[in-house]
Amino acid sequence: MRVVKKLLVGKVSEKHSHPISPLHKRISNIQSIWNNDHEDDNGIEKIVRLFLSISQLFFLGIYIKHFANKFGHEYKDLAMDLYVLSKVIFPFLILINDWQNHDYVIWILVFLLLETILYIPTLIFASDLFSRPRSYKRSMLLLFFNYIEVVVSFAVLYTLGDNMNKPFEHWFDSVYFSLISSNSIGYGDYYPVTTFGKVLVSLQALFFLSFVILFLNFFSTKVKSKGYFEDEEI
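Counting of residues starts from 1 at the beginning of each chain's written sequence and follows it residue by residue. Owing to the predicted nature of the model, reporting of local features is limited to residues with pLDDT of at least 70; listing and counting of side-chain atom pairs is limited to 80 or more, with chain, interface and lining totals taken over all residues. Processing note: side-chain calculations cover all non-hydrogen atoms of the structure and skip hydrogens and water entirely.

So, on to the packing of helix H2 (residues 22-34) against helix H3 (residues 43-55). In this analysis an axis means a line fitted to C-alpha atoms, helices contributing only their contacting stretch, and an angle means the value between N-to-C directions, from 0 to 180 degrees. In DSSP terms, a helix is any run of H or I states spanning at least four residues, a strand is any run of E spanning at least two, and both are numbered starting from the N terminus. Two elements in contact, H2 and H3, have axes separated by 10 Å at closest approach and are oriented at 170 degrees. As judged from the angle between their axes, H2 and H3 are roughly antiparallel. The residues of H3 that touch H2, namely those facing Arg 26, Ile 30, Ile 33 and Trp 34, are Lys 46, Arg 49, Leu 50, Ser 53 and Ile 54. Residues were grouped as follows: Ala, Val, Leu, Ile, Met, Phe, Trp, Tyr, Cys and Pro as nonpolar; Asp, Glu, Lys and Arg as charged; and all remaining residues, including Gly, as polar. Split into classes, the residues belonging to the contact of H2 with H3 amount to five nonpolar, one polar and three charged. Any angle from 65 to 115 degrees is called roughly perpendicular, while one under 35 is roughly parallel, one over 145 is roughly antiparallel, and all others are oblique. Working rule for contacts: check all heavy atoms of both residues, and any pair within 4.5 Å makes them a contact.

Right, here's the structure in full:
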C-alpha cells in the first residue's frame, strides 16, 4: 500500500488544502472578469471570457477538484488525472463494444467532450485568472490526453449514421480517420459525404489549432528541463 501511495501521490505536503477551493476560486475569477480587476476588456472579449469561465461550473471537473482539494494538492492532482484518463478510455469503450446505438451513451460522450472543448479556449482567453500550475510538464501531459480524448470522441461521432463514403470496417478505422482529420491530412480512403460529417471534420480541424497554440505559446516555453548531466563538468 505504501508503494502504491508513493507512486500515485508522491510527497504529501503538510498543508492539506488550498486556502481557496477551486470552486470558490472559479467564482472569484468570474467576478474579477466582471469587475475588470485584471484586464480592461469589454465587448466581445469580455463576453467570451465570462462565458468560458462560467461554463466550467456546469461540468464535473471543477467539482472533482473542489472535493479532492480538501485532502491536499496531491490528491486533487491524482483525482484529476484519473478523471482525464477515464474521459480518454470512455470513447474507446464505446467503439470497441459498439455502444453507439445507445442514445444516452452518446449524450454522456458529448457532455464530457464539451467540457474539454470549452476548457481549452478558457486556458487561452482567461489564462490570467489561472493559478500557476505546480508542474508545467504535468499540464502538457494532461493536455496531450485531452487531445487523445477529442480524437477518439470525434471518432465515435463519425460512426453515427452514414456520414462517410464507405462504412468503417474496424473500430480503429474511425480513430485513424479522426486522427488524420485533426491534423488536416487527407488520404482519400475515407471522407465525409454528409453535411453532418463535413461539419465534424471542420470543427475538429479548427479545434486542433487550439492545442497547437497552447503547446507552442503557453506551455512549451515555460517547461524547464532538468538534464542528468547539466551539473557535471565536461
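Now that the structure has been shown, we can carry on.
Bringing the pattern of salt bridges into the picture now. Here, a salt bridge means any Lys or Arg side-chain nitrogen found within 4 Å of an Asp or Glu carboxyl oxygen. Tallying each qualifying case throughout the model produces five salt bridges. The partner of Arg 138 in a salt bridge is Asp 81, with the nearest N and O atoms 2.9 Å apart. Of this pair, Arg 138 sits in helix H7 (residues 136-158) while Asp 81 sits in helix H5 (residues 73-97), and the two are 57 residues apart along the sequence. A 1.4 Å probe rolled over the protein chains alone gives each residue an accessible area, and that area as a share of the maximum for its type sets the label: buried under 20%, exposed over 50%, partly exposed in between. You can call Arg 138 partly exposed: its relative accessible area is 25%. Under the relative-accessibility criterion, Asp 81 is labelled partly exposed at 23%. Note that Lys 87 and Glu 149 form a salt bridge whose closest N and O atoms lie 3.9 Å from each other. Here Glu 149 lies in helix H7 and Lys 87 lies in helix H5, a separation of 62 residues in the sequence. A residue is classified by how much of its surface remains accessible, and Glu 149, at 1% relative accessible area, is buried.

Below, the discussion takes up the nonpolar core. Core analysis: the biggest nonpolar cluster contains 30 residues, and Tyr 158, Phe 177 and Phe 211 have the highest contact counts within it. Looking at this core, the elements that each hand over two or more residues are H5, helix H6 (103-125), H7, helix H8 (171-182) and helix H9 (195-219). At 10 residues, the largest contribution of residues to this core is made by H7. For Phe 177, the contacting residues outside a window of four places in its chain are Tyr 158, Met 164, Phe 168, Tyr 190, Tyr 191, Pro 192 and Val 201. Residue types Ala, Val, Leu, Ile, Met, Phe, Trp, Tyr and Cys, when buried and joined through side-chain atoms within 4.5 Å, form a set referred to as a nonpolar core.

Moving on to the environment of Thr 159. Looking at the secondary structure, you find Thr 159 in the loop between H7 and H8. For the pair formed by Thr 159 and Gln 100, sequence separation is 59 residues and the distance between their alpha carbons is 7.7 Å. Those residues in contact with Thr 159, other than ones at most four positions away along the chain, are Leu 95, Gln 100, Phe 168 and Ser 174.

Within the UniProt annotation, "transmembrane region" (unreviewed entry) is assigned to residues 47-68, 80-99, 105-129, 141-161 and 199-219. Span residues 47-68 is 82% helix and 0% strand, its end C-alpha atoms 30 Å apart. With 86% helix and 0% strand, residues 141-161 has its two end C-alpha atoms placed 33 Å apart. UniProt positions are given in the numbering used here, feature names are shortened, and annotations may be inferred rather than shown by experiment.

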